[in-house]
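# Understanding the architecture of this molecule
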Amino acid sequence: MSYRVELAVLSEQKQFCRFGLTLHNLSDKDLTDWRLQFIVDRFIQPDSFTHGDIKQVGSFCTLSPDIDSLPANQHYYCEFSINTAPLRFYTDGLKDALLISNNGAEQHPVTLTPIVLASPYREHSQLPEVEANSLALIPKPNRIEQFEGHFKLTASSQITLQASLAEKAATWLQLELHHLYDFTAQTIGQSDIIYRNNPTLDEGEYQLTIGASGIRLEAGSRSGFVHATASLIQLIQSDDENNLTAPYVKIVDQPRFKYRGMMLDCARHFHSVDMVKRLINQLAYYKFNTFHWHLTDDEGWRLEIKAFPELTAIGGYRGTGHAIEPQYSHLAATYGGYYSQDEIKEVIAYAQDRGINVIPEIDIPGHCRAAIKSLPELLCEPEDKSQYRSIQHYNDNVLSPALPGTYHFLDKVLEEVAELFPSDWVHIGADEVPDGVWLESPACQALMKKEGYQSTKELQGHLLRYAEKKLRSLGKRMVGWEEAQHGNKVSKDTIIYSWLSEEAALNCAKQGFDVILQPGQSTYLDMTQDYAPEEPGVDWAAVIPLESAYRYEPLAEVPDADPIRKRILGIQCALWSEIITHQSRMDYMVFPRLTAMAEACWTEKSERDWEDYLSRLKSHLDLLDRQQIEYRQPWK
Ligand code: TNX
């Protein structure tokens, strides 16, 4: 390519780094009237910029140089500063760049070289060598006995249903056996696999017995049958003659935590229905029961709302010439997508068949830029002169609690969401509302005065209390990130998802909130998995090697008998998608750490053991290979 950009860290301190950026014109033509667009996810201090000027909206930067022309075979250089901790990884560098010349008439692709880091980590985590376990089960069942021998499935094997609750689980088993081994069970034949009702078993519990007479799956709930099926799928192996066999075992199993979830961000990058289903299917393999679907954010609105088609027509796409600038990737092209309500229904049904409840998240009042840009007449207050910058560097991404339009918007959106999603819970976000917001808004100031509010946090509470009541009137319970209780307005019915720290989670629990734990330091799958600079990911919360993910023990400091534990409903991991541009990146970030998280969710503390897990993982990799999951090689 004829143009190349290099970025280098020149110096670094604790929260301050200086950078040098060079653009090489390797073509044989002079560049005139040019600008450079690039993507970086940290905020460049505008005053620190040398040799031109920089404008930044979110991660999208436009550099206007102090020279009009860049002659062939010459280079341009500038420096700037960012208030950031030292960078350690190549994905911290520029994510994309595009050269615009002749006052916008021409676009030129640019080659990016890896960022020159000042101090990449030297350490590497290493996994102990272990023997592959003959039982490749993850998460580990809470009670399992193995016996000598294997049961063989044959061409005449039949799946026999003696429990109507098992219908979907049995269909799922057929689909998976077909997909993994091209195996088709007969409709009439030998009753080798029997699903049987066992009303003594609670929600999620199951028993799986494999012996000389065949395979028996027992449960008293739909979810129990799905979990029994997941264990069976993991136990089935194909022998040298391509026969399917399963080892003789007796498993008596039940979940440790009632809520076992994963969140997927579909706003920062859009993941197709197929990608979402693929992930949901994987979640079912590991006995998760909740898929938390992050559907809206600053960079995209992904859910069709019939009352406001603008939300997806405008807010679903970004790129030059669109209301939303390019973000995170794909500078040269329009990028985006959304889920129609029919597709949402399809995903919900697919998840239900696999024992998974889908909780939608509509993030308010922060993280709302896509909505605001789509519906400015409704959601903007032109007189608002408040100065703020959100964590992702926007100054126009917060809904106003003082505009009638905000409530109209919320009513319509929540009504459609409540109708569409069978889930009892609706996630309302509430995270990361930036300081400074609403301070210079005449409408907000008037509302504060009228209500006697002392701080803008109370305005946030005001809006969330409205959302909570609205959802209640629709038969739903509101859940939100830990900031949802800021301003002290929502009721204790609201469930808090804590992400910043366990301390915050405990605080909420002590106040009487039920809590889901999703601590960034242990459960964020967008964090890098090791210290080498090539590892994709971010590290603002931590580097999370497989061992740290596995060793996550919720509230390790709190005694087992402490009643506060009753308020902890469960755990979830999360994949934020700033760097998740395609399927293989998703696979890489999710696997194998998802399997480690699954064990934290399911297996009792006393049954968990790092090396034992590794020995099961080692044999389990075959199953990942069969599904063409492009996981990170644990023993590389
Ligand atoms: C924090 S966790 C966020 C997200 C980002 C993520 C990146 C939370 C409620 N907010 O908006 O995508 O960090 O790791």
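Definitions and cut-offs
Residues numbered from 1 in each chain as written. Predicted model: local features only at pLDDT ≥ 70, side-chain atom pairs only at ≥ 80, totals over all residues. Heavy atoms only, no water. UniProt positions renumbered as here; feature names shortened; annotations may be inferred. Helix = DSSP H or I, 4+ residues; strand = E, 2+ residues; numbered from the N terminus. Rg over C-alpha atoms; globule rule 2.2 N^0.38 Å. Buried < 20%, exposed > 50% of the residue type's maximum accessible area, 1.4 Å probe, protein only. Contact = heavy atoms within 4.5 Å. Areas by Shrake-Rupley, 256 points an atom, 1.4 Å probe, with all protein chains shown as cover. Lys, Arg positive; Asp, Glu negative; His and termini not counted. Charge placed at Lys NZ, Arg CZ, Asp CG, Glu CD. Axes fitted to C-alpha atoms, helices over the stretch in contact; angles between N-to-C directions. Parallel < 35°, antiparallel > 145°, perpendicular 65-115°, else oblique. Left-handed = near helix turned anticlockwise from the far one by under 90°. Nonpolar A, V, L, I, M, F, W, Y, C, P; charged D, E, K, R; others polar. Pairing = 2+ DSSP bridges. Salt bridge = Lys/Arg side-chain N within 4 Å of Asp/Glu carboxyl O. 1 Å grid on protein atoms, 1.4 Å probe; cavity = no way out; pocket = protein on both sides within 12 Å on 5 of 7 lines; lining within 4 Å. Points joined across faces, edges and corners; volume = space filled by probe spheres on them. Domains from an automatic or database assignment. Near = heavy atom within 4 Å. Polar contact = N/O pair within 3.5 Å; in protein donor to acceptor, adjacent residues only side chain to side chain. Sits in = over half its atoms within 2 Å of the grid points. Phe/Tyr/Trp six-rings, centres within 6.5 Å; stacked < 30°, edge-to-face > 60°. Lys NZ or Arg CZ within 6 Å of the ring centre and 35° of its normal.

If you look the chain up in an unreviewed UniProt entry, it shows as beta-N-acetylhexosaminidase from Vibrio aquaticus. What the UniProt record of the chain gives under Sequence similarities (unreviewed entry) is the line "Belongs to the glycosyl hydrolase 20 family."

Attention now moves to the overall build of the chain. Within the chain one finds 16 helices and 30 strands. Here the C-alpha radius of gyration of the chain, 26 Å, is about what a compact globule of 636 residues would show, namely 26 Å. Along the first, second and third principal axes, the C-alpha atoms of the chain reach 80 × 65 × 45 Å. Buried positions account for 61% of the 636 residues belonging to the chain. The long-range fraction of contacts in the chain, counting pairs at least 24 apart against all pairs at least 6 apart in sequence, stands at 73%. Surface summary for the chain: the accessible area is close to 25100 Å², and the carbon and sulfur share equals 47%. With 60 positive and 89 negative side-chain charges, the chain shows a separation of 4 Å between the mean positions of the two kinds.

As a further point, take the packing of helix α3 (residues 273-285) against helix α14 (residues 583-590). Relative to each other, α3 and α14 sit at 20°, their axes nearing to 12 Å. Relative to α14, the element α3 lies roughly parallel. When you trace α3 past α14, the crossing you get is right-handed. Residues M275, R278 and L279 of α3 form the contact with α14, whose participating residues are Q583, M586, D587 and V590. Class assignment of the residues belonging to the contact of α3 with α14 gives a composition of four nonpolar, one polar and two charged.

On to the sheet that holds strand β27 (residues 477-481), then. Pairing is parallel around the closed barrel formed by eight strands, whose spatial order is β19-β20-β25-β26-β27-β28-β29-β30. This sheet shows a mean twist of 30° between the axes of neighbouring strands, independent of strand direction. When strand β20 (residues 290-294) meets strand β25 (residues 357-364), the two strands line up parallel, connected through five bridges. Following the sheet pairing, T290 is matched in β25 by N357. Against the sheet, helix α15 (residues 593-602) engages β19 (259-265) and β30 (568-575), with an angle of about 175° to β30.

As enumerated under the stated definition, the model contains 38 salt bridges in all. The closest approach of N and O atoms between E451 and K450, which form a salt bridge, is 4.0 Å. A salt bridge links R632 to D530, with the shortest nitrogen-to-oxygen separation between them at 3.5 Å. Taken together, the residues span a long stretch of sequence, with R632 in the segment after α16 (610-626) and D530 in the loop between α12 (520-523) and α13 (546-551) at a distance of 102 residues. Looking at R632, the relative accessible area reads 9%, which means it is buried.

Over the atoms, a rolling probe the size of a water molecule traces out where space has been left empty. Its volume calculated, the largest pocket comes out at about 1200 Å³. Looking at the largest pocket, it is lined by 49 residues, and the ones nearest its centre are I391, Q392, H393, E432 and W540. By residue number, the principal contributor to the lining of the largest pocket is helix α10 (residues 456-473), which donates three residues. For the lining of the largest pocket, the class distribution of residues is 20 nonpolar, 14 polar and 15 charged. The residue makeup of the lining of the largest pocket includes at least three contributed by each of domain 1 (3-116) and domain 3 (259-498). Its boundaries defined by the atoms lining it, the second largest pocket holds a volume of some 750 Å³. Lining the second largest pocket are 25 residues, with E203, K258, N289, G355 and N357 sitting closest to its centre.

Right, let's get into the sheet that holds strand β11 (residues 111-112). Pairing is mixed in the open sheet, where four strands are placed in the order β8-β2-β1-β11. Single-partner strands in this sheet number two, and they are β8 (75-82) and β11. Sheet topology places strand β2 (residues 16-25) next to β8; eight bridges connect them, and they run antiparallel. Residue C17 lies in a different strand from β8, and its bridge partner there is I82.

So, about the site of the ligand. Taken together, 13 residues sit near the ligand, with R268, Y524, D526, W540 and E578 positioned nearest. Contacts to the ligand include D431, whose side-chain N or O atom sits 3.2 Å from a nitrogen atom. In this structure, D526 approaches the ligand through a side-chain N or O atom, which is 2.6 Å from an oxygen atom. With the chains in place, 96% of the 370 Å² that the ligand exposes on its own is no longer accessible. Here the ligand is seated within the largest pocket.

This next bit is on the packing of aromatic side chains. Per the stated rule, a full pass over the model turns up 26 aromatic pairs. With a centroid separation of 5.7 Å and an interplanar angle of 50°, the aromatic rings of F291 and W293 are classed as tilted. For F291, a relative accessible area of 0% corresponds to the buried category. Ring centres 6.2 Å apart and planes at 85° place the aromatic pair W499 and W540 in the edge-to-face group. With a gap of 41 residues between them, W499 in the loop between β28 (495-498) and α11 (502-511) and W540 in the loop between α12 and α13 connect regions that are remote in the sequence. Residue class for W499 comes out buried when judged on its relative accessible area of 9%. Through successive ring pairs, a cluster of aromatic residues spans Y259, W425, W481, Y497, W499, Y524, W540 and W576. Of note, R389 hangs over the ring of F43, and the distance from its end group to the ring centre comes to 3.6 Å. The ring centre of W635 lies 5.2 Å from the NZ or CZ of K618, which sits over that ring.

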